[in-house]
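Close look at the chain arrangement
The primary structure of each chain is shown beneath.
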Amino acid sequence: MEPVRVAMLLAYDGAGFRGFARQRERRTVQGEIERTVSLVARREILTTGAGRTDAGVHAAGQVMTFDAPASLDLTELAKRINKMLAPEISIKAVVAAPPGFDARFSARRRIYEYRIYGGPAPDPFLDRFALWEPRPLDVGAMNDAARHLVGEHDFASFCRANAKSLVRRIRIVRVRAARDSRTTIRVEGDSFCHQMVRSITGCLLAVGFGDRMPEWVGNVLRAKNRQAAADVAPARGLTLMRVVYRPDPFASR
């Protein structure tokens, strides 16, 4: 029988992993998934992920695809993975996808959120998934700065140079503050290069603290020089929220 293309929707706490992508002799999300699926399927299974999150970065809506034997019970597969890998990794859905569907190349948009919380002291119930920052943030100035980043640009100033082209299209950069001293930076784009969202966050925080003016972010973008940007924000505040597909293989779940 021909193998079936499988799409998997998952969430994970990235704190205990050396990132998403498989690495030899290092514990990663992709490595753990491949090990577990291969065990259940009784053959080697290799996967593709929608986004390679850095070490310590989390996901609420990561997507993976792989080819599996047609006889594999997908409902049972999800149960087995959750039993073996929970609570760090949680399988939210496993479905048979159309032939040719690819977690990475079929994606239309990726949505990330960076979370920050305030207060006089760090909160152990928040700090694993958000950055504690006791200084007040000027959210209006941060949004003014964010407008410089929307559109298609060369993001060389915001990326580690490990790709042939660092031109990316960003659809939305929005900063929102809640009454409980929590701030969320939401970034939506077609694709991202290494450390791009964390670098954008670092620059927006510099504006929010009043260390830089909003137009400085535009200058950083035009510089196309990694040294022009602020330090990258810590990994723990960043979460891959959702990957957008049309059609969405998980729409009927």
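Here, the structure is the one placed above.
Please read these numbers as outputs of a predicted model, since none were measured by experiment.

Evaluated as defined, the whole model comprises 16 salt bridges. With a closest N to O distance of 2.6 Å, E88 and R27 form a salt bridge. In this pair, E88 is assigned in the loop between α2 (74-85) and β4 (89-96) and R27 in the loop between β1 (4-12) and α1 (29-41), connecting sequence segments 61 residues apart. With relative accessibility at 24%, the residue E88 sits in the partly exposed group. For R27, a relative accessible area of 34% corresponds to the partly exposed category. Across the pair E188 and R186 runs a salt bridge, and its minimum N-O distance is 2.9 Å.

Another aspect to go through is the environment of A107. Mapped onto the elements, A107 comes out in the loop between β4 and β5 (109-117). Judged by its relative accessible area of 14%, A107 is buried. Linking A107 and L131, residues 24 residues apart in sequence, is a C-alpha distance of 28 Å. Among residues more than four places away in sequence, those in contact with A107 are D102, V243, V244 and Y245.

Attention now goes to helix α3 (residues 139-146). Where burial is concerned, most of α3 is hidden: 6 out of the 8 residues are buried. Among all positions in α3, only V139, A141, M142, N143, A145 and A146 are buried. Looking at the buried positions of α3, the neighbouring elements they touch are β8 (167-177), β9 (182-189), α4 (196-208) and α5 (215-223). Two to three positions downstream of the cap, the backbone nitrogen of G140 sits 3.3 Å from a side-chain oxygen, assigning the N-cap of α3 to D138.

So, about the side chain of Q62. If you trace the backbone, Q62 turns up in strand β3 (residues 58-68). Among the polar contacts made by the side chain of Q62, one reaches the main-chain amide nitrogen of A50 at a distance of 3.3 Å. Setting aside chain neighbours within four positions, we find Q62 in contact with M8, L9, L10, Y12, F20, G49, A50, G51, T53 and L240.

Let us look at the state of the cysteines. Simply put, disulfide is the name for a covalent bond between the sulfur atoms of two cysteines. Per the counting criterion, the structure on display carries 1 disulfide. Here C159 is linked by a disulfide to C193, with a sulfur-sulfur distance of 1.8 Å. Residue C159 is located in the loop between β7 (151-154) and β8, and its partner C193 is located in the loop between β9 and α4; the two are separated by 34 residues in the primary sequence. What makes C159 buried here is its relative accessible area of 2%. By relative accessible area, C193 is classed as buried at 9%.

Right, let's get into the packing of α1 against α2. Helix-helix packing is characterised by the crossing angle of the two axes and by the distance between the axes. Closest axis-to-axis distance for the α1/α2 pair is 10 Å, and the angle between their directions is 130°. When the axis of α1 is compared with that of α2, the two are oblique. Remark: the crossing between α1 and α2 carries right-handed chirality. Listed contacts from α2 to E32, I33, R35, T36, V37, L39 and V40 of α1 are L77, R80, I81, M84 and L85. Of the residues in the contact of α1 with α2, the class split is 8 nonpolar, 1 polar and 3 charged.

A word on α4. Since the α-helix advances by 3.6 residues per turn, residues separated by three or four positions end up pointing in the same direction. Between its first and last C-alpha atoms α4 spans 18 Å; for 13 residues at 1.5 Å apiece the expected length is 18 Å, and the two agree. Counting buried positions over the 13 residues of α4 gives 13, a clear majority of the element. Just downstream of α4 lies G210, where phi reads positive at about 90°.

On to the side chain of T53. Within the element layout of this structure, T53 appears in the loop between β2 (48-49) and β3. Owing to a relative accessible area of 5%, T53 belongs among the buried residues under this scheme. Within the structure, the side chain of T53 is placed 2.7 Å from the side chain of Y12, a separation counted as a polar contact. Discounting chain neighbours no more than four positions away, the residues touching T53 are Y12, G19, F20, H58, Q62, Y112 and L240.

Reading the values: rules and limits
Residues numbered from 1 in each chain as written. Predicted model: local features only at pLDDT ≥ 70, side-chain atom pairs only at ≥ 80, totals over all residues. Heavy atoms only, no water. Salt bridge = Lys/Arg side-chain N within 4 Å of Asp/Glu carboxyl O. Helix = DSSP H or I, 4+ residues; strand = E, 2+ residues; numbered from the N terminus. Buried < 20%, exposed > 50% of the residue type's maximum accessible area, 1.4 Å probe, protein only. Contact = heavy atoms within 4.5 Å. Polar contact = N/O pair within 3.5 Å; in protein donor to acceptor, adjacent residues only side chain to side chain. Disulfide = S-S within 2.5 Å. Axes fitted to C-alpha atoms, helices over the stretch in contact; angles between N-to-C directions. Parallel < 35°, antiparallel > 145°, perpendicular 65-115°, else oblique. Left-handed = near helix turned anticlockwise from the far one by under 90°. Nonpolar A, V, L, I, M, F, W, Y, C, P; charged D, E, K, R; others polar. Expected span 1.5 Å × (residues − 1).

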